[in-house]
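# Structural features, examined
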Amino acid sequence: MMTGLGATVARAGRRLLSSLPALFGVLVFTFLLMRVLPGDPAVFFASGPNAGKEEIEQIRKQMGLDKSVPEQLVFYLSDIGRGNLGRSMMTGQPVLKDLRERLPASLELTFTALLIALIAAVPLGVVAALKPGSLVDHGVRLFCALGVCVPTFVSGLLLIYVFYYLLGLAPDPTGRIDVFTSLPPQRTGFLSIDFLLAGDIEGWWAACKQLILPALSMALFVIAPLARITRASMLVSLGSDFVRTARSVGLSWQKVVVTYALRNAILPVITIAGIVFSTMLGANVLVEKVFSWPGVASYALDALLSSDYAPVQGFVLLMAGIFVLVNLVVDICYGIADPRVSIG
Amino acid sequence: MRFVSFRSASSVLATTALLLIATAPSQAQTRAETLRYVTGASVNTLDPNIPGSTRESFALSMSTYDRLVAFGRKQLNGKWVFDLDKITGELAESYDVSPDGLKLTFRLRKDAKFQDGSPVTAEDVKWSLDRCVTAPILGKAQLLTGSLTSADQFKVIDPLTIEVTLPKPDKLALPNLATVYPLIINSKVAKEHATPEDPWATAWLKEHTAGSGAYVIESFKPGEQVIIKRNEDWNRGSPNKPAFFKRVIVQSVPEPATRANLVERGDADLVVDLQASDVQSLEAKGKLKVISTPQYNSITFVSMNNQIPPFDNVNVRRAVAFALPYEDMFKAALFGRGAPLFGANWPDGKPLNGIYPFQAPVKTDLDKAREYLKAAGLPEGFSTTFSFNVGQASTAEPMAALVKESLAKIGIKVDIQKLPDAQMSTQINEKKLPLFTEGIVAWLPSTDYFYRNFYTGNQRWNYSSINNPELATIAQEARFEPDKAKYEEDGRKLNAIHFSEMPQIPLWQPNQDAVMAASIEGYTYEFHRQVDYRDVSRK
């Protein structure tokens, strides 16, 4: 057992090291890309009444744009080395602080959405696989198609319209917590956990109520790929020799489906879940906008529109880092789901 | 025993009842005494002087800081708007303008205190005004328009008197001191946070306030929300009374439909940046108060670059002016919510008055447009692009489609370009766009100010890049013209030049649609086009 764990850790470490060059590449590429894009942030931010040439020059200097691009790159890299991601013009705050405040919001939302999606998708996929071609199978297919067809902001607006505007069941869709509720002391940054740690059940429920609608509209969108992949790989594993053997020796239905078939079918689902997670984190922007969720994706979009370089670069770096981590976690999950797997 | 138990029971009852009475209304009161204002933008600095600060930051600073003077308000068609001609004291108890117009003397209120309790002195005022004209901040360029350029112009006479000296009698000097930037800072506090590289404490003041304003910052989350609470000692609005609301929550809600839902459901109290379509439907439902004020210090226009062919030819510009589908654009873009600047009738072909913005005698007349094109030597038309920025897409997109359709009828082929905001500003600054739509605003809307800033010089705000020496000369002279009749005459001349040269085509002044709960009162359209939280109260 120890050796198994040791091997996993060693593999994770190797993986992490080998991803460093890729991260560096992302860093430089984003840096250059932002500077190639048309649009001068200094001119944009000097948009106040009467802001003239002098103001533009001043902002340029403030953002370090008065230097040549290679020089800027060297400064940028040395800043990154010291853990400084620069300052956002848009919020006026250091990018690191902004990201640190906003990332938990995005993570909480994405985890919840992924959890809802998995809880819904895996049983749906299994049920569909057990009776392929049946009415249930078609029902699941229809549900999945609808989920994918409706863009997240449409489902988000619809959910708001029904549950907030018409029924008045949901709280107003403005961020993570009602403006009149006081916040718990920040420990994890995940409001639902922080409230529990502070023993404030009322606050916890308030935070959860805010979370349900956005998480649901995101989950709806990703149920489809998860359910489809579960169905496909369940079909393969249900038709395989070991399931036939298990059935023939008279094992219980539950044992056959859950222990043997599902455990073998879950590998591709984990892969897809990993990819879906990373994509959701960045592609959340519409849900974040609709629900005024103070997450990283809407932050990055606003920054991109105003050519605010530092936040965009910081965001891409963060996403790349998370992608590496998620891949790592997926690898480790593989090892747990199927001990034979060893990816060097 | 029985007596005792009865007493304890009744006292429990009484206490419970008292508690109920005490808690229930006080909670309701807290909500009633709180203003929740939602907006698509956000506050990004507590000092509006920082380059890049947003309009919401301007509005917030009006409540957290005082200035020497403030604009009064007047009724315009039954709606309250700011009054440029009525300047009242804010931190100044009174002020005098010397007969030659070169000296402004301000006497400070004796009871004025900063939020930390220390008195407001002439030293603080001088430091703050010095900062505004010396530090590399936005106030510098603004105060320049009122001939305020150097720290030598501000002189402390005694602890409660300050004198401002002008090189020329400038009408805009006094109004400039009522704008957003020349806020009065507690200089003792600010100096404690100044560094040798940053002698004016700009970095510290970005995140902190040190003022005497009506509200104190309670929490500030850039990009999300700001909560301010009332400064009980503030009495600059009305004597012996602080601002109405105990707390104001300024919250960013990026999605306009959500903002409309919030205010309709009564969860938000006030919003000024809804989409025209939402405003219309909310107004029709009649539950909310909708106050629509044409933004009379702003203009939306279609501009042509007067230096780029074929728009360097005045007849081409006139052709475009008579080919635009004004009425359709007005309906499609704004749902008719605004004041049109087209379709005027000038009986003798001369401007009706000397006020800018003016309503021009242009209307859709394709035959006339074709004639102008012929006169320009381009009877077959030409190809060009029409640009607008993403931020304005909700109004500019329908407009662009109509422009394209209508100009095609006289042979001008238009390619629509939708540009990200930063890219659009850059191209405007580099004067690369031939035909585009934009909006301008002037805090101090006087005729000469508009003409000097938006129609002269090779600078960014001269959108049309017009270079007309006569216009420039008259506008410069008008600036210091003390005689009202002569000033009016100058204005007429400028408007006449504008119409005959047609450097750009003013379209309309969009409405500021303030949508609020029925209980909100006192909303005033302010020069910064945001809500001044000190104006509003609840019935």
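Residues numbered from 1 in each chain as written. Chains lettered and ligands numbered in written order. Predicted model: local features only at pLDDT ≥ 70, side-chain atom pairs only at ≥ 80, totals over all residues. Heavy atoms only, no water.

All names here are of chain B. That bond from P309 to P310 is cis: its omega, 0 degrees, falls within 30 degrees of zero. Here P310 is to be found in the loop between β13 (298–304) and α10 (314–323). With an omega dihedral of 0 degrees, the bond running from Y356 to P357 counts as a cis peptide bond. Phi at N77 takes a positive value of approximately 50 degrees, unusual for a residue other than glycine. Inspection of the secondary structure assignment puts N77 in the loop between β2 (69–76) and β3 (79–89). Classification of N77 by relative accessible area gives exposed; the value is 69%. Phi angles above zero are rare outside glycine, and K431 is one such case at about 60 degrees. Position of K431 relative to the elements: it lies in the loop between α14 (421–429) and β17 (435–441). For K431, a relative accessible area of 19% gives the class buried. (Helix = DSSP H or I, 4+ residues; strand = E, 2+ residues; numbered from the N terminus. Buried < 20%, exposed > 50% of the residue type's maximum accessible area, 1.4 Å probe, protein only.)

Membership of the largest hydrophobic core comes to 135 residues, with the highest contact counts inside it found for B:L68, B:F106, B:L324, B:L407, B:W508, B:Y523 and B:Y533. A total of 7 residues in this core trace back to one element, the largest contributor, which is helix α13 (residues 393–409) of chain B. When sequence neighbours within four positions are dropped, the list of residues in contact with B:L407 reads B:V320, B:A323, B:I412, B:V414 and B:L435. One finds A:Y76, A:L318, B:A268 and B:V279 within the second-largest nonpolar core, a separate group that totals 78 residues. (Core = buried A, V, L, I, M, F, W, Y, C linked by side-chain atoms within 4.5 Å. Contact = heavy atoms within 4.5 Å.)

Further remarks concern the domain arrangement of chain A. Residues and elements named next belong to chain A. Looking at chain A, the domain boundaries give domain 1 (2–38 + 95–337) and domain 2 (42–84). If you average the C-alpha positions of domain 1 and of domain 2, the two centres end up 36 Å apart. At the interface, 13 residues of domain 1 touch 11 residues of domain 2. The contact between domain 1 and domain 2 buries some 1,000 Å² in all, and 78% of this surface belongs to carbon and sulfur atoms. For the domain 1 face of the interface with domain 2, the top three residues by lost area are L27, F31 and S306, together amounting to 42%. Where domain 1 touches domain 2, the interface holds 0 salt bridges. Those elements that place two or more of their residues in the side of domain 1 that touches domain 2 are α1 (2–36) and α14 (309–337). (Domains from an automatic or database assignment. Buried area = accessible area lost by both parts, 1.4 Å probe. Salt bridge = Lys/Arg side-chain N within 4 Å of Asp/Glu carboxyl O.)

Looking now at the packing of aromatic side chains. One pass over the structure, following the stated rule, counts 34 aromatic pairs over all chains. With 6.2 Å between their ring centres and 50 degrees between their planes, B:Y296 and B:Y525 make a pair best called tilted. Of this pair, B:Y296 sits in the loop between β12 (289–294) and β13 while B:Y525 is found in the loop between β19 (520–521) and β20 (537–538), placing the two residues 229 residues apart along the sequence. For B:Y525, a relative accessible area of 0% corresponds to the buried category. Taken together, a centroid distance of 5.8 Å and an interplanar angle of 80 degrees make the contact between B:Y356 and B:Y455 edge-to-face. You can see B:Y356 sitting in the loop between β14 (338–340) and α12 (366–375) and its partner B:Y455 sitting in the loop between α15 (447–454) and α16 (469–479), a full 99 residues away along the chain. Looking at B:Y455, the relative accessible area reads 2%, which means it is buried. Taken together, B:F58, B:F71, B:F82, B:Y181, B:Y296, B:W443, B:Y525 and B:F527 form an aromatic cluster joined through their ring pairs. Above the plane of the ring of A:F31 lies A:R35, whose end atom (NZ or CZ) is 3.8 Å from the centre. Just above the ring of A:Y164 sits the side chain of B:R265; from NZ or CZ to the centre is 5.0 Å. (Phe/Tyr/Trp six-rings, centres within 6.5 Å; stacked < 30°, edge-to-face > 60°. Lys NZ or Arg CZ within 6 Å of the ring centre and 35° of its normal.)

All names here are of chain B. Spatially, β4-β5-β7-β6 is the arrangement adopted by the 4 strands of the open sheet, whose pairing is antiparallel. The open sheet terminates on both sides in strands that have one partner only, identified here as β4 (92–97) and β6 (154–158). Neighbouring strand axes in the sheet, compared pairwise and without regard to direction, differ in orientation by 20 degrees on average. Contacts from helix α3 (residues 122–134) reach β5 (103–108), β6 and β7 (161–165) within the one sheet, and its direction differs from that of β6 by about 180 degrees. (Pairing = 2+ DSSP bridges. Axes fitted to C-alpha atoms, helices over the stretch in contact; angles between N-to-C directions.)

This part is about the side chain of B:D47. Residues and elements named next belong to chain B. On the secondary structure map, D47 appears in the loop between β1 (34–39) and α2 (55–64). The exposure class assigned to D47 is buried, which follows from its relative accessible area of 1%. At 2.9 Å, the side chain of D47 forms a polar contact with the backbone nitrogen of N49. Beyond its immediate sequence surroundings of up to four residues, D47 is in contact with S53, R131, L183, L205 and K206. (Polar contact = N/O pair within 3.5 Å; in protein donor to acceptor, adjacent residues only side chain to side chain.)

Further remarks concern the pattern of salt bridges. For the coordinates displayed, the defined rule picks out 35 salt bridges over all chains. Across the pair A:K97 and A:E101 runs a salt bridge, and its minimum N-O distance is 3.9 Å. Here A:K97 pairs with A:E101, and both are found in helix α5 (residues 95–130), just 4 residues apart, close to one helical turn. Of the residues examined, A:E101 reaches a relative accessible area of 35% and is grouped as partly exposed. B:K432 is the partner of B:E430 in a salt bridge, and the nearest nitrogen-oxygen pair spans 2.9 Å. Overlapping salt bridges bring together B:D66, B:E90, B:R236, B:D532 and B:R534 as one network.

Right, let's get into α5(A). Taking 1.5 Å per residue, 36 residues should reach 52 Å; α5(A) reaches 50 Å between its end C-alpha atoms and fits that length. Remark: the principal bend of α5(A), roughly 30 degrees, maps to A:R102, with a proline, A:P104, within the next four residues. (Expected span 1.5 Å × (residues − 1). Bend = angle between axes of the 7 residues up to and from the residue.)

If you look at the interface, chain B gives 51 residues, while chain A gives 43 residues. When chain B packs against chain A, close to 3,900 Å² is buried across both sides, 54% of that on carbon and sulfur atoms. The interface formed by chain B and chain A includes 1 salt bridge. For B:R36, the salt bridge is made with A:D172, and the minimal N-O distance between the two is 3.2 Å. Linking chain B with chain A are 11 residue pairs in polar contact (both at pLDDT 80 or more), by the criterion used here. Broken down by element, the residue count for the side of chain B that touches chain A peaks at 6 residues, all from α14(B). Residue classes in the side of chain B that touches chain A are distributed as 19 nonpolar, 17 polar and 15 charged. (Nonpolar A, V, L, I, M, F, W, Y, C, P; charged D, E, K, R; others polar.)

Residues and elements named next belong to chain A. Taken together, F29, L33, L37, L301, L304 and L305 make up a surface patch of nonpolar side chains, about 520 Å² in accessible area. Secondary-structure elements contributing two or more residues to the nonpolar patch are α1 and α13 (296–305). Within the secondary structure, L37 is located in the loop between α1 and α2 (41–45). Looking at L37, the relative accessible area reads 38%, which means it is partly exposed. (Patch = residues over 30% accessible without salt bridge, like charges linked within 9 Å, V, L, I, M, F, W, Y side chains within 5 Å. Areas by Shrake-Rupley, 256 points an atom, 1.4 Å probe, with all protein chains shown as cover.)

To continue, consider the packing of helix α9 (residues 201–238) of chain A against helix α11 (residues 253–283) of chain A. Residues and elements named next belong to chain A. Orientation of α9 relative to α11, taken along the N-to-C sense of each, is 145 degrees, at an axis distance of 8 Å. For the crossing formed where α9 meets α11, the hand is right-handed. Residues M218, V222, L226, I229, T230, S233, M234, S237 and L238 of α9 pack against V257, A261, L262, N264, A265, P268, V269, I272, A273, V276 and M280 of α11. Of the residues belonging to the contact of α9 with α11, the class tally is 16 nonpolar, 4 polar and no charged. (Left-handed = near helix turned anticlockwise from the far one by under 90°.)

All names here are of chain A. Compared with an ideal rise of 1.5 Å per residue, which puts 15 residues at 21 Å, helix α7 (residues 152–166) spans 20 Å between its outermost C-alpha atoms and is within 8% of the ideal. At I160, α7 shows its maximal kink, close to 25 degrees. All of the buried residues in α7 are T152, S155, G156, L159, I160, Y164 and Y165. Downstream of α7 by one or two residues, G168 has phi in the positive range, about 70 degrees.

Residue and element names in this part refer to chain B. Locating S238 in the fold gives a position in the loop between β9 (225–230) and β10 (247–252). By relative accessible area, which is 28% here, S238 ends up partly exposed. Sequence-wise, S238 and A214 are 24 residues apart; in three dimensions their C-alpha atoms are separated by 11 Å.

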